Structures are given as structure tokens and as C-alpha cells.
Amino acid sequence: MERNQTTDLTGLLSHALEYRLTLMDDDRRGALRLFNGFTEGYPALVAELFGHTLLVLTHKVSEVESLRLAEAAMEFYDNAITGIECVVLKQRSTLDQAKKNGTILSGETPASYIIENGVTYALDLLMNQDAGFYLDTRNLRAWLREHSAGKTVLNTFAYTGSLGVAAMAGDAVHVSQIDRNGRFLTLAQESVRLNGLDAKRMECKAVDYFVGVGQMKRSGITYDTVILDPPFFSITERGRVDQVNEATRLINKARPLVNDDGNLIVVNNALFLSGKDFVNALEEMGKGGYVTLEEMIPVPEDVTGFPETQTGKFPADPAPFNHSTKIVVLRIRRK
């Protein structure tokens, strides 16, 4: 990285941090996005803080350039904020899976948990190519904690289960979490233990979404709240997820699992699907009177970038949402 490039990056990091300082907790047990390069002027870099660990993610650059970016970010944040004890670099463009999952550049042990809105979530920052804990759904976790008392909840595509754990922390009577990879679900179980919650109220099952939904339909199992937070695209031998071209397909598959007057929460993170097109698809689905769009849940500003720090645009306009991660609460009526 040339000197002027380093100077430009440092200026961007400093400007972005200025608007996040008031969001940082003094004891370094929370989680925060420090820099979203995609919207804040340097698309190759994202920086996040998980407890005492700085997580640096690089995109579409060589391994040499990735390391230079990480070193520049590490130097800046080490001087700008206190409490960083470990730095992890995830290189999204490398072919080396170990480097995708993360390399410790400084310190010894990454943070093993964070606390968000009074709930503790287990972490394994080296488990996969992302953090394993999505900051863009922070407000959704808060919503689930507030609206889950006395309810049964199904969290599909659960990954590490943070949404289901939030529902449990909100006194859901039962939470089912399903994901193809049971290894990820072990973090949900650890989160339950860390919060002192009753593990008997949560079921974790390693099963493909399409298989699991079919099994539940045949068994007549339904829930008060169903959560759909799938990847933007994937194909298995059991089915396909395409959040750009088939935004409502998974919704229709999940609707029979929702109790009458229950909620279906949908997260669509497709960069190339505009917010207007997504809302239009939902409204078309609701013409029969059985699906109603009740609420849009915004993505936190530290994740999106602030109006004063944003310089880039998304490939598709997310409006009326504030980010390409489009989160809705649907009310479902049964025939």
C-alpha cells in the first residue's frame, strides 16, 4: 500500500470512528462495526470489534494487499481505542480456507463471547469465513427478546443460533433451531449455558431447511413465530435458495408452519434485490389477505455507515429499507 493510500485509509477510518465512539462500551464486552468500507469509501475493508478482539475482513484483494490493509487498520485502532487484546484477519478472496476462516495477527485468544442488550452470545471467531455473529440483525434480536414471551419459535437457517437465543432470553416457552451444520449450533447451546437459560426449552437439529420443513408439515407442528434468515444463494440436493429471483419462495414454504395470527420474520440480504421490488413481492403475496407486512426492522447505523460517513451506494437501492439486509415482520392468517 502506497503512503498516500495509507493516509487516505487512515482518514476514512478516523472519520468513521468519530461517529461510533458513543456506541462503544467501556468494558469491551459488546460488538460493533467500526468501519464498513463498502459504504464508507474503501470497499476492500471491513473492521469490527467483538469484545477485546479486532476483526479485519478484506475483500477482492491479493493476500499481500490484504495483510497490508490489516496492518494499517491494526495500527490505527491500536492508537485510537483502548482494550484491543487480539487481532484476527479474515481474507475473503483467498483460496486458502484456513485464511478465510481467520489468522491471528496479534494476541493469543480471540473473544469467546459478547454481551448485547443484556444477553450473552458465545463466539468462535475462527470457525467460519465470517464472524459467525451478524451485527446487521442486532435490532431483530432486540425485537425477538421483546416479543417472544410465552411463544413457540422456530429459527430456520439458524447458523450459530443468536436469533433463537434472543427469543429464549425473551421468555419464549420453546425454541427450535435448525441448520444443516450441527457444528454451528453448538454455539447456540453454549449461549444458552452462558445465560443460565433452561436448555430444555431449546431444541437444536442439524437438518436441511427443505427436509426439516417437510418433516414438520407432515407432523402438523406449528409455531407462533418462524424466522427465515437464509443465505442469499445456495443449492443443495434438497432444494435451492435464491433471494434475488425467488424472494417469496421460501416464505411460501414456511407459511404453513406459522400459527394463525402468528409472525413470520424474513431477512433478505440480496444486494441486487431492491427494497421496492422486495416490498412489491410481499404485497403481491398479501393480496389474498393471509400475509400482512406489519413492520420493517432497520439495520443499525454502525453497520450501514452514518449519513455523514457514507460515500458509496448499494448495487440496488434498498429503500424503503436502510440497508441491503431487508428485515420484515409478517402477520400470517390461516385459512
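Predicted model only: the values in this text are computed from it and were never measured.

Calculation rules
- Residues numbered from 1 in each chain as written.
- Predicted model: local features only at pLDDT ≥ 70, side-chain atom pairs only at ≥ 80, totals over all residues.
- Heavy atoms only, no water.
- Buried < 20%, exposed > 50% of the residue type's maximum accessible area, 1.4 Å probe, protein only.
- Helix = DSSP H or I, 4+ residues; strand = E, 2+ residues; numbered from the N terminus.
- Pairing = 2+ DSSP bridges.
- Patch = residues over 30% accessible without salt bridge, like charges linked within 9 Å, V, L, I, M, F, W, Y side chains within 5 Å.
- Areas by Shrake-Rupley, 256 points an atom, 1.4 Å probe, with all protein chains shown as cover.
- Salt bridge = Lys/Arg side-chain N within 4 Å of Asp/Glu carboxyl O.
- Axes fitted to C-alpha atoms, helices over the stretch in contact; angles between N-to-C directions.
- Phe/Tyr/Trp six-rings, centres within 6.5 Å; stacked < 30°, edge-to-face > 60°.
- Contact = heavy atoms within 4.5 Å.

1. Some details on the pairing of strand 11 (residues 223-228)
Consideration 1: Most of strand 11 is tucked away: five of the six residues are buried.
Consideration 2: Pairing of strand 8 (residues 152-156) with strand 11, which is carried by four bridges, proceeds in the parallel orientation. Across the sheet, residue V153 finds its bridge partner in strand 11, namely T225.
Consideration 3: Of the strand pairs in this sheet, strand 11 and strand 14 (residues 258-268) are connected by five bridges, and their pairing is parallel. Note that in strand 14 the partner of I227 across the bridge is I265.

2. Some thoughts on a nonpolar patch on the surface
Consideration 1: Nonpolar side chains collect at one region of the surface, where F38, L271 and F272 lie side by side and expose about 290 Å² of accessible area between them.
Consideration 2: Exposure remark for F272: the relative accessible area of 61% places this residue in the exposed category.

3. Details of the sheet that holds strand 5 (residues 103-106)
Whether parallel or antiparallel, the strands of a sheet pair through hydrogen bonds between backbone atoms.
Consideration 1: Spatial strand order, 1-2-3-4-5: five strands in an open sheet with mixed pairing. Looking at which strands have only one partner, the edges of the open sheet turn out to be strand 1 (31-36) and strand 5. Going across the sheet, the axis of each strand differs from the next one's by a mean of 25 degrees, ignoring polarity.
Consideration 2: Sheet topology note: the strand 4 (residues 86-91)/strand 5 ladder contains three bridges and is antiparallel. Considered in strand 5, the bridge of V87 is made with S106.

4. So, the packing of aromatic side chains
Consideration 1: All told, the structure shown has nine aromatic pairs when counted by the stated rule.
Consideration 2: Geometrically, the ring pair formed by F157 and Y209 is stacked, given 4.6 Å between the ring centres and 25 degrees between the ring planes. Taken together, the positions of F157 in the loop between strand 8 and helix 6 (162-169) and Y209 in helix 8 (residues 209-219) put the pair 52 residues apart, joining distant regions of the chain. Side by side, F157 and Y209 carry an identical accessibility label, which is buried.
Consideration 3: Consider the rings of Y159 and F184, whose centres lie 4.7 Å apart with planes at 85 degrees: the pair is edge-to-face. Of this pair, Y159 sits in the loop between strand 8 and helix 6 while F184 sits in helix 7 (residues 182-194), placing them 25 residues apart in sequence.

5. Observations regarding the sheet that holds strand 15 (residues 291-297)
Consideration 1: An order of 10-9-8-11-14-16-15 is seen for the seven strands of this open sheet, with the pairing classed as mixed. Strand pairing shows two members of the sheet lacking a second neighbour, strand 10 (202-206) and strand 15, which therefore form its edges. Ignoring strand direction, the axes of neighbouring strands in this sheet form an average angle of 15 degrees.
Consideration 2: Pairing of strand 14 with strand 16 (residues 326-332), which is carried by seven bridges, proceeds in the antiparallel orientation. Each residue of the ladder has a partner; that of G262, found in strand 16, is I332.
Consideration 3: Each of strand 8, strand 9 (174-179), strand 10 and strand 11 touches helix 6; the most contacted strand, strand 9, lies at about 175 degrees to it.

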